[in-house]
Amino acid sequence: DGGITQSPKYLFRKEGQNVTLSCEQNLNHDAMYWYRQDPGQGLRLIYYSQIVNDFQKGDIAEGYSVSREKKESFPLTVTSAQKNPTAFYLCASSRLGNTEAFFGQGTRLTVV
Amino acid sequence: GEDVEQSLFLSVREGDSSVINCTYTDSSSTYLYWYKQEPGAGLQLLTYIFSNMDMKQDQRLTVLLNKKDKHLSLRIADTQTGDSAIYFCAESAFFTGGGNKLTFGTGTQLKVEL
């Protein structure tokens, strides 16, 4: 089946540690996105990538980093510089020039 | 800048109609979307409307768009307990390069009571 796979579903991190969230898609989409969701808030864009080896900051990029070495993969690293990392993280992908985005099932990150 | 607003909660009885409202600010949006999120899950695209349309019906779902007031609504007919979820409206545009610039509302938690 075609789709977007995020792993792990739940992730716990100690303060001061970096952690990487995985996002893989087999939809052959050029564009991929990372969003952060907090209770009672809409989704906020962290980073996006429209082509391999290129990515741009979204609205809340501070404390996060990404890479896009392969078309299928867009991992997100939550660094120790992110002051409030506990949240639900959603990855999405789309075709260029098409506003329909497809979402993964999310990763819930908790800092302990 | 873009801003999308929704009320946070809506409670309805099973079998009644639900109406979820949304206001947006970016008049250049090409499409407006409704997404559904069940607990602990990702977003599922429910329906969308092109910005030059006033209404779209898709089975139990009716989307109404008032471009003058920048108001979007989603009506769910014969609401069922399986409709309980968070509903997000989103306006869309394109980044330079063709990527999808989605701006989401805060989400409306729909609770369906027996």
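Residues numbered from 1 in each chain as written. Chains lettered and ligands numbered in written order. Predicted model: local features only at pLDDT ≥ 70, side-chain atom pairs only at ≥ 80, totals over all residues. Heavy atoms only, no water.

Caption draft 1: Molecular detail of the state of the cysteines. In the structure shown here, the tally under the stated rule is two disulfides over all chains. Two residues share a disulfide in this structure: Cys23(A) and Cys91(A), whose sulfurs sit 1.9 Å from each other. For the disulfide bridge between Cys23(A) and Cys91(A), the dihedral angle about the S-S bond is near -75°, and by the sign convention the bridge is left-handed. Within this pair, whereas Cys23(A) is found in strand 3 (residues 19–25), its partner Cys91(A) is found in strand 9 (residues 87–94), the two being separated by 68 residues in sequence. Each member of the pair, Cys23(A) as well as Cys91(A), carries the same accessibility label: buried. One disulfide in the model links Cys22(B) with Cys89(B); its S-S distance is 1.9 Å. On the sign convention where negative is left-handed, the bridge of Cys22(B) and Cys89(B), at about 70° about the S-S bond, is right-handed. Of this pair, Cys22(B) sits in strand 3 (residues 18–24) while Cys89(B) is found in strand 9 (residues 85–94), placing the two residues 67 residues apart along the sequence. (Disulfide = S-S within 2.5 Å. Helix = DSSP H or I, 4+ residues; strand = E, 2+ residues; numbered from the N terminus. Buried < 20%, exposed > 50% of the residue type's maximum accessible area, 1.4 Å probe, protein only.)

Caption draft 2: Just the packing of aromatic side chains, in detail. Under the defined criterion, the tally for this structure stands at 15 aromatic pairs over all chains. Pairing Tyr64(A) with Tyr89(A) gives two aromatic rings, centres 5.9 Å apart and planes at 65°, and the pair type is edge-to-face. Here the residue Tyr64(A) occupies a position in strand 7 (residues 64–66), and Tyr89(A) occupies one in strand 9, the gap between them amounting to 25 residues. Classification of Tyr64(A) as buried rests on a relative accessible area of 5%. Ring-pair connections join several aromatic residues into one group, and the members of that group are Tyr33(A), Tyr35(A), Phe103(A), Tyr31(B), Tyr33(B), Tyr35(B), Tyr48(B), Phe50(B), Phe88(B) and Phe104(B). A cation sits over an aromatic face here: Arg68(A) above Phe74(A), 6.0 Å from the ring centre. A cation over an aromatic ring shows up here: Lys56(B) above the ring of Tyr48(B), its NZ or CZ 3.7 Å from the ring centre. (Phe/Tyr/Trp six-rings, centres within 6.5 Å; stacked < 30°, edge-to-face > 60°. Lys NZ or Arg CZ within 6 Å of the ring centre and 35° of its normal.)

Caption draft 3: Spatial organisation of the side chain of Thr107(A). All names here are of chain A. Position of Thr107 relative to the elements: it lies in strand 11 (residues 107–111). By relative accessible area, Thr107 is classed as buried at 0%. In terms of polar contacts, Thr107 uses its side chain to reach the backbone carbonyl oxygen of Pro8, at 2.6 Å. When residues no more than four places from it in sequence are discounted, the contact partners of Thr107 are Gln6, Ser7, Pro8, Lys9, Leu11, Leu21, Ala87, Phe88 and Tyr89. (Polar contact = N/O pair within 3.5 Å; in protein donor to acceptor, adjacent residues only side chain to side chain. Contact = heavy atoms within 4.5 Å.)

Caption draft 4: Region of the structure containing unusual backbone geometry. Residue Pro8(A) is reached from Ser7(A) by a cis peptide bond, and omega for that bond is -10°. Here Pro8(A) shows up in the loop between strand 1 (4–7) and strand 2 (10–13). The phi torsion at Asn28(A) lies on the positive side, around 60°, for a residue other than glycine. Along the polypeptide, Asn28(A) turns up in the loop between strand 3 and strand 4 (31–37). Assessed through its relative accessible area of 56%, Asn28(A) is described here as exposed. One non-glycine residue, Asp78(B), adopts positive backbone phi at about 50°. By the secondary structure assignment, Asp78(B) is in the loop between strand 8 (71–76) and strand 9.

Caption draft 5: Looking closely at the environment of Phe88(A). Its location among the elements puts Phe88(A) in strand 9. Placed 54 residues apart in sequence, Phe88(A) and Trp34(A) show a C-alpha to C-alpha distance of 11 Å. For Phe88(A), the residues in contact, after removing those within four places along its chain, are Tyr35(A), Arg36(A), Gln37(A), Gln105(A), Gly106(A), Thr107(A), Arg108(A), Gln37(B), Gly40(B) and Ala41(B).

Caption draft 6: View of the sheet that holds strand 1 of chain A. Residue and element names in this part refer to chain A. The strand order 1-3-8-7 describes an open sheet built from four strands, whose pairing is antiparallel. Here the strands that pair on one side only, and so sit at the sheet edges, are strand 1 and strand 7. Averaged over all pairs of adjacent strands, the angle between strand axes in this sheet comes to 20°, irrespective of strand direction. Bridge count between strand 1 and strand 3: four bridges; the pairing is antiparallel. Each bridged residue has a counterpart across the sheet, and for Ser7 the counterpart in strand 3 is Ser22. (Pairing = 2+ DSSP bridges. Axes fitted to C-alpha atoms, helices over the stretch in contact; angles between N-to-C directions.)

Caption draft 7: View of the sheet that holds strand 6 (residues 55–58) of chain B. Residues and elements named next belong to chain B. Judged by pairing direction, the sheet is antiparallel, and its five strands sit side by side in the order 1-3-8-7-6 without closing on themselves. Whereas interior strands pair on both sides, the edge strands pair on one side only; in this sheet they are strand 1 (4–6) and strand 6. On average, each strand axis in the sheet is tilted by 15° relative to the strand beside it, whichever way the strands run.

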